[in-house]
2 protein chains.
Amino acid sequence: MSTKKPSSSSNITIRDVAQLAGVSPATVSKVLNGIPYVSPDTHARVQAAVEQLQFRPNSIARSLKMSRTSTLGLITNDLEGVFTMSMMRGVEEVAAEQGFSVFLCNSYGEPERERAHLQVLLDKQIDGVILMNGFRVHERGAPALSLGNMPVVYLFQYTRTSGIPSVIPDDFGGAVTGTQHLLDCGHQRIGVINGPPNYEATHIRLAGYRQTIEAAGLTFDPALVRAGKWYESFGYALTNDLLSQAEPPDSLFCMSDSLAVAAMSVVRERGLNIPRDISVVGFDNRAFAGHQTPPLTTVKLPLVEMGRLAGELLLQAIKAGKPADEIYRVPCELIQRASTRLMASPESGVN
Amino acid sequence: MSTKKPSSSSNITIRDVAQLAGVSPATVSKVLNGIPYVSPDTHARVQAAVEQLQFRPNSIARSLKMSRTSTLGLITNDLEGVFTMSMMRGVEEVAAEQGFSVFLCNSYGEPERERAHLQVLLDKQIDGVILMNGFRVHERGAPALSLGNMPVVYLFQYTRTSGIPSVIPDDFGGAVTGTQHLLDCGHQRIGVINGPPNYEATHIRLAGYRQTIEAAGLTFDPALVRAGKWYESFGYALTNDLLSQAEPPDSLFCMSDSLAVAAMSVVRERGLNIPRDISVVGFDNRAFAGHQTPPLTTVKLPLVEMGRLAGELLLQAIKAGKPADEIYRVPCELIQRASTRLMASPESGVN
DNA sequence: AATCAATAGTAAAACGATTTACGTTGATTG
DNA sequence: CAATCAACGTAAATCGTTTTACTATTGATT
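Reading guide: rules and limits
Residue numbers here run from 1 along each chain, matching the order of that chain's written sequence. Here chains are named by letter from A upward and ligands by number from 1 upward, in the order in which they appear as written. Given that this is a predicted model, residues contribute local features only at a pLDDT of at least 70 and side-chain atom pairs are listed and counted only at 80 or more, while totals for whole chains, interfaces and linings are drawn from all residues. Water and hydrogen atoms were dropped before computing side-chain values, which therefore reflect all heavy atoms in the structure. All domain edges in this entry derive from an automatic or database-based domain assignment. The nonpolar core is taken to be a set of buried Ala, Val, Leu, Ile, Met, Phe, Trp, Tyr and Cys residues, with the residues joined through side-chain atoms within 4.5 Å. Residue exposure (1.4 Å probe, protein chains only): buried if accessible area is under 20% of the type maximum, exposed if over 50%, otherwise partly exposed. Note on definitions: a residue-residue contact is assigned when non-hydrogen atoms from the two residues lie within 4.5 Å. Within this document, salt bridges are pairs made up of a side-chain nitrogen of Lys or Arg and a carboxyl oxygen of Asp or Glu, the two lying within 4 Å of each other. By definition, any uninterrupted DSSP run of H or I lasting at least four residues is a helix, any uninterrupted run of E lasting at least two residues is a strand, and each is numbered from the N terminus. The pairing criterion is simple: DSSP has to find at least two bridges between the two strands. Axes, fitted as lines to C-alpha atoms, cover a helix only where it is in contact. Angles between the N-to-C directions of the axes lie from 0 to 180 degrees. Buried area is understood as the total, over both parts, of accessible area removed when two parts are fitted together, assessed with a 1.4 Å probe. Each residue gets one of three labels, nonpolar for Ala, Val, Leu, Ile, Met, Phe, Trp, Tyr, Cys and Pro, charged for Asp, Glu, Lys and Arg, and polar for the others, Gly among them.

Caption draft 1: Up close: the domain arrangement of chain A. Looking at chain A, the domain boundaries give domain 1 (14-57), domain 2 (68-170 + 303-330) and domain 3 (171-301). Domain 1 of chain A and domain 2 of chain A are separated by 38 Å when their C-alpha centres are compared.

Structure follows, in structure tokens:
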């Protein structure tokens, strides 16, 4: 009959293990942490005791001494934003891989809440924090609270103030990729349905588009560009407007998948076939993009990868010295589906 | 010129405060925690010292002694699920209100990951945990690890094993509400586009529909019911099928907003007007529901409220004794928009 | 045989708060 | 006047680890 205590979950401490193994707590600590100079015999005895008692060290006590908690903070402006969860997943994933836990905080975009959350996290001695923006206001200033020398990484927003790495999508490159794909399909008049001017991405993507068509020897025509908001409801009028011109575009590059869905619907209503008569490319690679008819070719916002990178940068900053403060632009790859004319091979030029 | 130390964030301890105020650490602890028997004079002196030093107590040290961390765990099966973030927001919200932080963990539905996460959270001495399901497999068994007597709450899933409260939507009531609304609009042949049979919600909602129409004196007609999956792409064929019958339905109750979007699209293609010729009701109240043309009337899944309730139940269990183990079904209210014929007042019956 | 280095283990001091138990003091009371 | 009591403070123990001395034992080297 075992004499195991009923034990309310885990009263067992390192002392109990030491006692059972017939050694001192210090020795147990050594084997627990793989510190050398403990005989194989003792090592085995301690491990057996740990096993038998189902001992698990108390992280809190450990943290107190070590002043490292293996804990990250993740503060978001907009927990319910459409891009938020994928980035969160990336962050959580790398954190878990490296034995870190992450505190989730929602600031609702209010500096006062952000300050309060940061304060609590500081009190809880987290090792680092990611400040993540759910919406696309890219440039941001200092955090709402002085963080001393705690590592910080910005995600989906950037800063030019020094010492803080930022992770954002490569909007320019993404626009280039999308545009080039349409050129490769043989299109000469590529229409653009863009987002609102108060988003930096709007301008950057347009610049990417412009550079690409000009590099292909075409001239930039403002008549082919329309701008509204990111939502689907804005796409209908803009697309209709674009297609009603004397010389309508032969393809559409929509700067969000929502806009692309609206555009496709308008194109269909006008009796045109996608992609035979007109190609459509979206941006974001939202979940619904692949479920359209036809499935939407789109430029993917690398959200999970961005989350992972932000997490890696933060962990790296925690473990070593700070990485060079820098803006990391994660490439946006093309997800080729059926809303654009399929070419034999992406390499083959237009000729 | 101030002589404040450069200070690497927070080296200042309760001793420093005590020293500056000319009292003992114990006294400082008293005023910090509002414990009586400290003279107004001393109180003021201590507070001044706290202020001057910008002292903030170290949560880790506090937790070690008190064995309470003011920290919750939230483990989800599916961090990227469409319902997850709203529930998370609810949980985070109440937690923050009551001074708790929440650890976010993604188990990807793998028991092994869930076990690992739980283990880490236990080591970190969290005060309680919410096990949240991102998809609609409702019934679940015990957690993947024995949790001793740590409070647990299930969210978006339930259990009949004792001691654990569960928070789920009231699918039955929601189906009743949606059906009744269509009856109130004067419809007699209400078609149903349902989800897959391996979801319990599918059956419960159908039962709610059936009971409601039978209570109204109509007979349940299986020919009016179609089932597929929740995604939009399944809605087209089902709706077409339903509407091609000799006696087609005069209204549609779609058990997800995605299905409803597909249904509306099919209805339009057939040259019918919504809501004049046919009413459509959805389920979930996804973000896009309000952006349809016409905006979709739908039964709201009370995700944020469910998250809040789960958080409240957990905090309550932590602070007091466990609440009665029970299944909490949160009501699903009707969000009335323009895809159903508007009635003068919900109270006025059909007559 | 004496010295030294490497190995094995431990006692005790941290880490930074809370809490218990106790000591003053001054006022009130029988 | 002695005894009681309440108010105010503090020293020291405590929470469960890690880490820093420090001791003791070996085996190898001169």
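Caption draft 2: Quick look at the nonpolar core. With 87 residues, the main nonpolar core has Met88(A), Ile130(A), Leu155(A), Val167(A), Met88(B), Ile130(B) and Leu155(B) as its most contacted residues. The contact partners of Met88(A), leaving out residues within four places of it in the chain, are Leu74(A), Leu79(A), Leu104(A), Met132(A), Leu79(B), Met88(B) and Leu104(B). In this structure, Cys105(A), Ile75(B), Cys105(B) and Leu147(B) belong to the second largest nonpolar core, which totals 28 residues.

Caption draft 3: A look at the pattern of salt bridges. Overall, the coordinates contain 32 salt bridges over all chains when judged by the stated rule. The partner of Glu80(A) in a salt bridge is Arg89(B), with the nearest N and O atoms 2.3 Å apart. Highlighted residues: Glu80(A) in the loop between strand E1 (71-76) and helix H5 (84-97) and Arg89(B) in helix H5 (residues 84-97), drawn from two different chains. Judged by its relative accessible area of 27%, Glu80(A) is partly exposed. Ionic pairing is found between Asp123(A) and Arg56(B), a salt bridge with its closest N-O pair at 2.4 Å.

Caption draft 4: Spotlight on the sheet that holds strand E12 (residues 334-335) of chain B. All names here are of chain B. Within the open sheet, the six strands sit side by side as E7-E6-E8-E9-E10-E12. Their pairing is mixed. Only two strands of the sheet have a single neighbouring strand rather than two, namely strand E7 (225-227) and E12. Against the sheet, helix H7 (residues 171-184) contacts strand E6 (190-194), strand E8 (251-254), strand E9 (279-284), strand E10 (297-300) and E12, and its axis sits at roughly 165° relative to E8. Contacts from helix H8 (residues 200-215) reach E6, E7 and E9, with the element oriented near 175° to E6.

Caption draft 5: Inspection of the interface of chain A and chain B at higher detail. With 39 residues of chain A at the interface, the matching set in chain B holds 40 residues. For the pair chain A and chain B, the summed buried surface comes to about 3900 Å²; carbon and sulfur atoms form 57% of the total. The three residues of chain A that bury the most area against chain B are Ile60(A), Glu80(A) and Met85(A), which together make up 17% of that side's buried surface. On inspection of chain A and its partner chain B, the count reaches four salt bridges. Sorting the residues of the side of chain A that touches chain B by element identifies helix H4 (59-66), H5, strand E2 (101-106) and helix H6 (111-123) of chain A as the ones contributing at least two each. In terms of residues, the side of chain A that touches chain B owes the most to one element, H5(A), which gives seven residues. Tallied by class, residues from the side of chain A that touches chain B come to 15 nonpolar, 17 polar and seven charged. Across three bridges, the pairing between E2(A) and strand E2 (residues 101-106) of chain B is antiparallel. Directly across from Phe103(A), in E2(B), lies its bridge partner Phe103(B).

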